[in-house]
Amino acid sequence: MQNSGSIRVTVVQNNPGFGQPEANRTSVEGLIFAGKDPTADLIVLPELFATGYQFLSKEEVTELAEPEDGPTFQFLSRLSRETGAVVVGGVPIRRRGGVSNGALVVSGDSLLVSYDKVHLFDRERDLFIEGRSPLPVVETPFGPLGVMICFDWLFPEALRSLALSGATVVAHPANWVLPFGPQGMILRSVENRVFTVTANRVGEEARGGLPPLRYIGESQIVSPKGEVLARAGQSESEIITAVLRPADALSKKVADKSDFFEQRRPELYHSGLTYRGG
Ligand code: ACM
């Protein structure tokens, strides 16, 4: 952590070749260490950053899945030791009953937490098992860090639950294909007054006759006030960085008498029929 409670955040935007985890990990490392100073407090990598995304079958998923302490954990752990950062990255995790679309949060030799994506997107629902545990908030040297994966963002309750649990910074590995993610995440950051760190990928996948997927890039770091502190381009592998103060996410006030969290009325938020005609 730098003076004044500031932290340095790095986002890796990559273009993984499908089914080539070793080569993809090596190219991520190349991106991080190509810069002048690779040290950071937090590094976020995309969803499924080492495997690629467009799996054709559960068998393919199983083949590329890893245990929590597998090669991807070992890689993230080495990155963490070499940069000083807490490192977050997406990996298919072997679980009882199937494979999750997961993320690992690693600090030095320790796995701080693993997360199984709760809201699976489209064909993911045929390939992965759904996460069954709440979205995690984990203590780090720079305060409480929340984690969600890609499509989770379109469920406002996901980031809200992380913010209510005290997260000031939220790591968001993604493989965005829908165009409105980058803009949408600005509102998510504002309505929860948290920093969001989205690591997306670029490139295209068109495997096995499936409709092609084009990943939109635009990885970004957004402040609690909705400022885009850094944003990547739409087509290149690259690194973006920002320096931010997690403590700036502690106040939920937008005006003297308006505090987002204090003014919530959860007792009125329900799906019951409230319309009374007549
Ligand atoms: C997504 O959740 N990967 C779109």
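Since the model is a prediction, treat every value here as computed from it, not as a measurement. (Residues numbered from 1 in each chain as written. Predicted model: local features only at pLDDT ≥ 70, side-chain atom pairs only at ≥ 80, totals over all residues. Heavy atoms only, no water.)

S.K.: Tell me about the overall build of the protein chain, and please be specific about residues and values.
M.R.: Counting its secondary structure elements, the protein chain contains 6 helices and 16 strands. Taken over the C-alpha trace, the protein chain has a radius of gyration of 19 Å; the compact-globule value for 278 residues is 19 Å, and the two agree within 12%. Expressed along its principal axes, the backbone C-alpha trace of the protein chain runs to roughly 60 × 55 × 35 Å. Expressed as a percentage of its 278 residues, the buried residues of the protein chain come to 53%. Entry remark: accessible area of the protein chain is about 12,700 Å², with carbon and sulfur atoms responsible for 50%. (Helix = DSSP H or I, 4+ residues; strand = E, 2+ residues; numbered from the N terminus. Rg over C-alpha atoms; globule rule 2.2 N^0.38 Å. Buried < 20%, exposed > 50% of the residue type's maximum accessible area, 1.4 Å probe, protein only. Areas by Shrake-Rupley, 256 points an atom, 1.4 Å probe, with all protein chains shown as cover.)

S.K.: Account for unusual backbone geometry, naming residues and giving values.
M.R.: A positive phi angle, close to 35 degrees, is found at C150, a residue other than glycine. Looking at where C150 falls in the secondary structure, it is placed in the loop between β7 (143–147) and α5 (156–164). Residue class for C150 comes out buried when judged on its relative accessible area of 8%. One non-glycine residue, R193, adopts positive backbone phi at about 50 degrees.

S.K.: Describe the nonpolar core, with residues and values.
M.R.: Ranked by size, the top nonpolar core spans 45 residues in total, and within it L42, V88, V105, L145, M148, V197 and I221 carry the most contacts. With residues up to four places along the chain from it excluded, the contact list for M148 reads Y115, L135, W153, L159, L162, V170, A171, H172, P173 and M185. (Core = buried A, V, L, I, M, F, W, Y, C linked by side-chain atoms within 4.5 Å. Contact = heavy atoms within 4.5 Å.)

S.K.: Describe empty space enclosed by the protein, listing the residues and the values that go with them.
M.R.: Summed over all chains, the structure comprises 1 cavity of 30 Å³ or more. A volume near 70 Å³ is recorded for the largest cavity. Forming the walls of the largest cavity are Y53, F121, C150, F151, W153, N175, W176, V177 and L178. (1 Å grid on protein atoms, 1.4 Å probe; cavity = no way out; pocket = protein on both sides within 12 Å on 5 of 7 lines; lining within 4 Å. Points joined across faces, edges and corners; volume = space filled by probe spheres on them.)

S.K.: Explain the pairing of strand β6 (residues 137–140) to me, and be specific about the residues and the numbers.
M.R.: A one-sided burial pattern is seen for β6, the buried positions being V138 and T140 and the unburied ones V137 and E139. As paired strands, β6 and β7 are joined by 4 bridges and run antiparallel to one another. Its bridge partner lying in β7, E139 is registered against P144. Between β6 and β7, which follow one another and run antiparallel, lie 2 residues. (Pairing = 2+ DSSP bridges.)

S.K.: Report on the pattern of salt bridges, specifying residues and quantitative values.
M.R.: In the structure shown here, the tally under the stated rule is 13 salt bridges. Residues R188 and E191 are paired through a salt bridge, measuring 2.8 Å at the closest nitrogen-oxygen approach. Highlighted residues: R188 and E191, both in helix α6 (residues 181–192), separated by 3 residues, approximately one helical turn. A salt bridge links R265 to E267, with the nearest nitrogen and oxygen atoms 2.8 Å apart. (Salt bridge = Lys/Arg side-chain N within 4 Å of Asp/Glu carboxyl O.)

Function-wise, these values are silent; they only describe arrangement.
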